[in-house]
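What follows is each chain in one-letter form.
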Amino acid sequence: MIPFNQSLPYDVVMGDVYVQDCPFCGAGNVLLPLKPRELKTIREGKKKLLVFPCCGNKVHVLDCDNDYLLTDTVLMR
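A few points on the structure. (Residues numbered from 1 in each chain as written. Predicted model: local features only at pLDDT ≥ 70, side-chain atom pairs only at ≥ 80, totals over all residues. Heavy atoms only, no water.)

On to the packing of aromatic side chains, then. One pass over the structure, following the stated rule, counts two aromatic pairs. Look at F4 and Y68: their rings are 5.8 Å apart centre to centre, the planes differ by 70°, and that puts the pair in the edge-to-face class. Taken together, the positions of F4 in the segment before β1 (7–9) and Y68 in strand β7 (residues 68–71) put the pair 64 residues apart, joining distant regions of the chain. Judged by its relative accessible area of 33%, Y68 falls in the partly exposed class. Relative to F52, the ring of F24 lies with its centre 5.5 Å away and its plane at 75°, an arrangement referred to as edge-to-face. With F24 in the loop between β3 (16–21) and β4 (28–32) and F52 in the loop between β5 (48–51) and β6 (58–64), this residue pair connects regions lying 28 residues apart in the sequence. (Phe/Tyr/Trp six-rings, centres within 6.5 Å; stacked < 30°, edge-to-face > 60°. Helix = DSSP H or I, 4+ residues; strand = E, 2+ residues; numbered from the N terminus. Buried < 20%, exposed > 50% of the residue type's maximum accessible area, 1.4 Å probe, protein only.)

Okay, the sheet that holds β6 next. The strands making up a sheet associate through hydrogen bonds between their backbones, and the pairing can be parallel or antiparallel. Pairing within the open sheet is antiparallel, and its four strands lie in the order β1-β7-β6-β5. Strand pairing shows two members of the sheet lacking a second neighbour, β1 and β5, which therefore form its edges. On average, each strand axis in the sheet is tilted by 45° relative to the strand beside it, whichever way the strands run. Summarising the sheet, β1 and β7 pair through three bridges and their orientation is antiparallel. (Pairing = 2+ DSSP bridges. Axes fitted to C-alpha atoms, helices over the stretch in contact; angles between N-to-C directions.)

Among the structural elements, L49 can be located in strand β5. Classification of L49 as partly exposed rests on a relative accessible area of 42%. Separated by eleven residues in the primary sequence, L49 and H60 place their C-alpha atoms 4.5 Å from one another. Residues in contact with L49, not counting those within four places in the same chain, are K58, V59 and H60. (Contact = heavy atoms within 4.5 Å.)

What follows is the structure, encoded as structure tokens:
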């Protein structure tokens, strides 16, 4: 079962990966330092350190699907 409190919804727009709101500082439409090809390697089992450019907070992305990034950190309560 997917722990939704550790997931983060994302969108891919014209080759860029965005989140609607930063879970740490609340900034809107945050461009993540991820490329769609990296999402494929994450799905295959490779972990990725994700640093939010808006506030500098870090999470490890453990897995993903077409809508959500699964992290090692509780993002929603």
